[in-house]
Amino acid sequence: MKMHNFNSGPSILPKEVMEQAAAAIYDFNGVGLSILEIGHRTSWFGAVMDEARALVKELMGIGDAYEVLFLHGGASTQFMQVPMNLLDTDETAAYIDNGIWGTKAVKEARLFGNAVVVSSTKDKNHSYIAKAFTVPAGVKYLHYTTNNTVEGTQWHSFPATDVPLVADMSSDIFSRPFDYSKLALIYAGAQKNMGAAGVNIVVVKKDMLGIKRAIPAIMNYRNHIEAGSLLNTPPVFAVYVALLTLRWIKREGGLAEMEKRAKERAALFYDTLDALPAFKPLVVKEDRSMMNATFTTVRPELEDTFVALCKQEGMVGVKGHRSVGGLRVSMYNALPLSSVQAIVDLMKDFSDKNA
Ligand code: PLP
């Protein structure tokens with residue numbers, strides 16, 4: 001039985017992407033070699049990398065001021081690689097701390113320069129987005145997390161600032177039309193809306209680069225840019241799966257279509273959640289994420305029972321992140337509405353019996 005996949009990442013991928021990736025493991029584009037066997041400096045892989053980088057720019061609607069890189073490491077690597085490349089030791093960056101990933105990002109930045117938290121939502125367990133804040137004069141950039149995967153909140157507008165914005169978009173990249181040109185640097189791990197784990201995408205405005213401090217060669221964005229994102233052996237298979245996923249997004253109708261589907265899924269889920277007495281949401285209504293819905297049972301002792309029931313019905317990934325508990329349903333680009341229907345039906349039944 002195929003599971004309903006509500007995992008927060010690695011998470012659901014489109015069926016055709018998996019079929020194409022599986023076929024390429026045996027024979028990549030009919031060349032007689034597996035995608036796992038081809039050299040990264042072949043023209044075959046060169047074409048994959050070129051198309052993937054171009055598609056990112058096309059979907060983001062950004063031009064030559066930006067460079068697109070596919071780099072090793074999870075998004076966590078970018079928590080340190082961003083300040084390592086953007087921030088000199090005598091400079092200051094501002095951070096918005098809206099969740100555990102933002103908290104980790106600021107901790108890493110402090111290894112490279114000054115990092116000030118201009119807004120924190122820790123006071124209320126990160127259950128909302130604080131939109132009002134003041135950024136001190138002269139900061140190099142303002143870092144924020146567009147979608148808080150663990151807590152279930154999402155920025156539905158841009159932070160109001162004139163400072164160059166750096167965004168961790170790991171869990172909502174390519175899920176909606178978005179003015180990417182408002183950002184100076186965007187990064188995301190691929191394993192939610194963009195493919196398989198093992199590769200990061202970094203999109204950087206070239207004029208942000210050029211600090212004085214020495215940067216280890218393999219960590220230096222400028223070296224990767226000069227090498228066309230082929231400085232060393234890239235995660236070839238993960239880049240290929242990202243390309244297949246990007247092609248799928250474009251074929252399905254692009255970011256407008258992704259948003260339409262996300263809105264349908266989120267409306268079905270949240271409308272049901274709000275109507276059921278046995279469950280309650282964990283975040284304020286206006287800041288709810290369209291990708292990760294967090295909630296819990298009104299009677300705490302029933303949480304595990306609900307998770308067990310989901311498992312029994314072939315639904316995985318419903319337990320909240322280990323650091324915060326509760327329940328979480330992740331609804332990324334490839335999740336069909338039928339999976340959301342299945343879990344809301346189960347919730348209704350559960351609520352009737354347990355309210
Ligand atoms: N940032 C966000 C918003 C995330 O959701 C995650 C992981 O879920 C990370 C960073 C860390 O990603 P990784 O495990 O790829 O390092």
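Residues numbered from 1 in each chain as written. Predicted model: local features only at pLDDT ≥ 70, side-chain atom pairs only at ≥ 80, totals over all residues.

Some words on the sheet that holds strand β10 (residues 200–205)
One open sheet accounts for seven strands, arranged β2-β10-β9-β8-β5-β3-β4; its pairing is mixed. The open sheet has two edge strands, β2 (66–71) and β4 (114–120), and neither has a second partner. Neighbour to neighbour, the strand axes of the sheet diverge by 20 degrees on average, direction disregarded. With two bridges connecting them, strand β3 (residues 92–97) and strand β5 (residues 142–145) associate as parallel partners. When the sheet's bridge partners are listed, Tyr95 is paired in β5 with His143. Each of β3, β8 (165–168), β9 (183–189) and β10 touches helix α3 (residues 75–86); the most contacted strand, β9, lies at about 150 degrees to it. On the sheet, helix α4 (residues 100–109) packs against β3, β4, β5 and β8 and is oriented at approximately 165 degrees with respect to β3. (Pairing = 2+ DSSP bridges. Helix = DSSP H or I, 4+ residues; strand = E, 2+ residues; numbered from the N terminus. Axes fitted to C-alpha atoms, helices over the stretch in contact; angles between N-to-C directions. Contact = placed C-beta atoms within 7 Å.)

Quick notes on the domain arrangement of the chain
Domain boundaries assigned for the chain yield domain 1 (15–252) and domain 2 (254–354). Here domain 1 and domain 2 have C-alpha centroids that lie 27 Å from each other. Between domain 1 and domain 2, the contact holds 24 residues from the first and 24 residues from the second. Elements with a contribution of two residues or more to the side of domain 1 that touches domain 2: β6 (147–148), β7 (153–154) and α6 (236–252). With three residues, the single largest contributor to the side of domain 1 that touches domain 2 is α6. A per-class count over the side of domain 1 that touches domain 2 returns eight nonpolar, 10 polar and six charged. (Domains from an automatic or database assignment. Nonpolar A, V, L, I, M, F, W, Y, C, P; charged D, E, K, R; others polar.)

Quick look at unusual backbone geometry
The peptide bond linking Gly9 to Pro10 adopts the cis configuration, its omega dihedral lying at -5 degrees. For Pro10, the location among the structural elements is in the loop between β1 (4–5) and α1 (15–26). Phi is positive for Asn29, which is not a glycine, with a value near 50 degrees. Its location among the elements puts Asn29 in the loop between α1 and α2 (43–60). Residue Asn29 is classed as partly exposed on the basis of its 13 C-beta neighbours within 10 Å. (Buried ≥ 20, exposed ≤ 12 C-beta atoms within 10 Å, placed from the backbone.)

As for the pairing of β5
Side chains of β5 alternate between two faces, with Leu142 and Tyr144 and His143 and Thr145 buried alike. Across four bridges, β5 lies against β8 in parallel orientation. Paired with Tyr144 across the two strands is Ala167, which belongs to β8.

A word on the UniProt feature "modified residue: N6-(pyridoxal phosphate)lysine" (unreviewed entry) in the chain
The positions UniProt marks with the feature "modified residue: N6-(pyridoxal phosphate)lysine" (unreviewed entry) are Lys192. The residue Lys192 is located in the loop between β9 and β10 in this model. (UniProt positions renumbered as here; feature names shortened; annotations may be inferred.)

Examining the site of the ligand
In the vicinity of the ligand, the residues found are Gly9, Gly74, Ala75, Ser76, Trp101, Thr145, Thr149, Asp168, Ser170, Ser171 and Gly189. Taken together, the residues of the shell around the ligand break down into two nonpolar, eight polar and one charged. (Near = placed C-beta within 6 Å.)

Details of helix α8 (residues 303–312)
Of all the residues in α8, the buried ones are Glu303, Phe306 and Cys310. The arc that holds every buried residue of α8, seen down its axis, measures 65 degrees, which confines them to one face. Turned more than 90 degrees away from the buried face of α8, the exposed residues are Asp304, Ala308 and Gln312. Summarising the contacts, the buried residues of α8 are in contact with β12 (292–297), β13 (315–316), β14 (327–330) and α9 (337–354). (Arc of directions from axis to C-beta.)

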